[in-house]
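An overview of the molecular structure
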Amino acid sequence: RECHECLGKILFDPQQWSVLEAGRSLYFTVDCRPSSQAAVAFPVRTFDGKTAAIVITRSRVDEEKALYHATLCVTGGTLVFSLAMMIAFFLLTTRAFRPLTELTRLTGGILDGRYGETIAVEGKGEVADLAHAFNRMSISLERANSEISEWNRMLESRVEDKSNEIEKIHRQMV
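Report follows, based on the coordinates. (Residues numbered from 1 in each chain as written. Predicted model: local features only at pLDDT ≥ 70, side-chain atom pairs only at ≥ 80, totals over all residues. Heavy atoms only, no water.)

1. Quick look at the sheet that holds strand β1 (residues 26-30)
- Reading across the sheet, the three strands line up as β1-β2-β3 and stay open at both edges, with antiparallel pairing between neighbours. Each of the sheet's edge strands pairs with one partner strand only, and the pair in question is β1 and β3 (51-59). Adjacent strand axes in the sheet meet at a mean angle of 25°, parallel and antiparallel pairs treated alike.
- As judged from the five bridges shared by β1 and strand β2 (residues 37-45), these two strands associate in the antiparallel manner. The partner of threonine 29 across the bridge, within β2, is alanine 38. (Pairing = 2+ DSSP bridges. Helix = DSSP H or I, 4+ residues; strand = E, 2+ residues; numbered from the N terminus. Axes fitted to C-alpha atoms, helices over the stretch in contact; angles between N-to-C directions.)

This is how it looks when you write it as structure tokens:
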């Protein structure tokens, strides 16, 4: 009964009825109980020239269910895509920053005098080139430090030898 009243309100509206009298169909929805309806009103001319309307309605429950499920699918897909992008971003940044973190640790080791430490280099690119260069620098620093230490020991040994000679000469003179 309520649906008929809703349809009557739309069809007997003078503005809507003028559309039907002009020979055009009306497409509209009616929100009534137990469910909303989609409707089409077709104008029909009677034998005496008056306009009548044939109305076909159908429930919009299936459309509303389809829209609900489509909304769930789009929302779920968006969440899954967002999660996948966050994981990809995390993996890429971790992979990109790990060598830089290792280089920072290696720099601290060199500052503390631990020469010769190296890091494992994976892949190619600017960061890998930087890591290779840093490894070569660390090894070169270790060699240079070893060479300087060897020279220091040799100089200390010579100084001690010369000091002993001078001491010996000094004792002979006294």
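2. Considerations on a nonpolar patch on the surface
- On the surface, Leu83, Met86, Ile87, Phe90 and Leu91 cluster together to form a nonpolar patch covering roughly 540 Å² of accessible area.
- Mapped onto the secondary structure, leucine 83 falls in helix α3 (residues 61-111). (Patch = residues over 30% accessible without salt bridge, like charges linked within 9 Å, V, L, I, M, F, W, Y side chains within 5 Å. Areas by Shrake-Rupley, 256 points an atom, 1.4 Å probe, with all protein chains shown as cover. Salt bridge = Lys/Arg side-chain N within 4 Å of Asp/Glu carboxyl O.)

3. Examining the pairing of β3
- Here β2 runs beside β3; their pairing, made up of nine bridges, is antiparallel. Paired with glutamine 37 across the two strands is serine 59, which belongs to β3.

4. Observations regarding α3
- For α3, which comprises 51 residues, the first-to-last C-alpha distance of 73 Å matches the rise-based estimate of 75 Å (1.5 Å per residue) to within 8%.
- Among the residues of α3, those classed as buried are Leu103, Leu106, Gly109 and Ile110.
- On its buried side, α3 packs onto α4 (126-173).
- Trailing α3 by a residue or two, glycine 113 shows a phi angle of about 90°, which is positive. (Expected span 1.5 Å × (residues − 1). Buried < 20%, exposed > 50% of the residue type's maximum accessible area, 1.4 Å probe, protein only. Contact = heavy atoms within 4.5 Å.)

5. What to know about the side chain of serine 138
- Structurally, serine 138 is set in helix α4.
- By relative accessible area, which is 0% here, serine 138 ends up buried.

6. Overview of the nonpolar core
- Counting eleven residues, the largest nonpolar core consists of Leu7, Leu11, Trp17, Val19, Leu20, Leu26, Phe28, Val30, Cys32, Ala39 and Ala41.
- Every element with two or more residues in this core is listed here: α1 (2-11), α2 (14-21), β1 and β2.
- Non-local contacts of leucine 20, meaning those with residues more than four positions away in its chain, are made with Leu11, Leu26, Ala41, Phe42, Pro43, Thr51 and Ala53.
- Counting residues in each nonpolar core, the second largest holds six residues, with Leu103, Ile110, Ile119 and Phe134 among its members. (Core = buried A, V, L, I, M, F, W, Y, C linked by side-chain atoms within 4.5 Å.)

7. Details of a negative patch on the surface
- On the surface, Glu156, Glu160, Asp161 and Glu165 cluster together into a patch of negative charge.
- Residue classification places glutamate 156 among the exposed residues on the basis of a relative accessible area of 56%. (Lys, Arg positive; Asp, Glu negative; His and termini not counted. Charge placed at Lys NZ, Arg CZ, Asp CG, Glu CD.)

8. Thoughts on the pattern of salt bridges
- A full pass over the atoms with the stated rule returns eight salt bridges.
- Between arginine 153 and glutamate 150 there is a salt bridge; the shortest N-O distance is 3.1 Å. With arginine 153 and glutamate 150 both in helix α4 and three residues apart, the pair spans about one turn of that helix.
- By relative accessible area, which is 46% here, glutamate 150 ends up partly exposed.

Function cannot be inferred from these measures alone, as they are strictly geometric.
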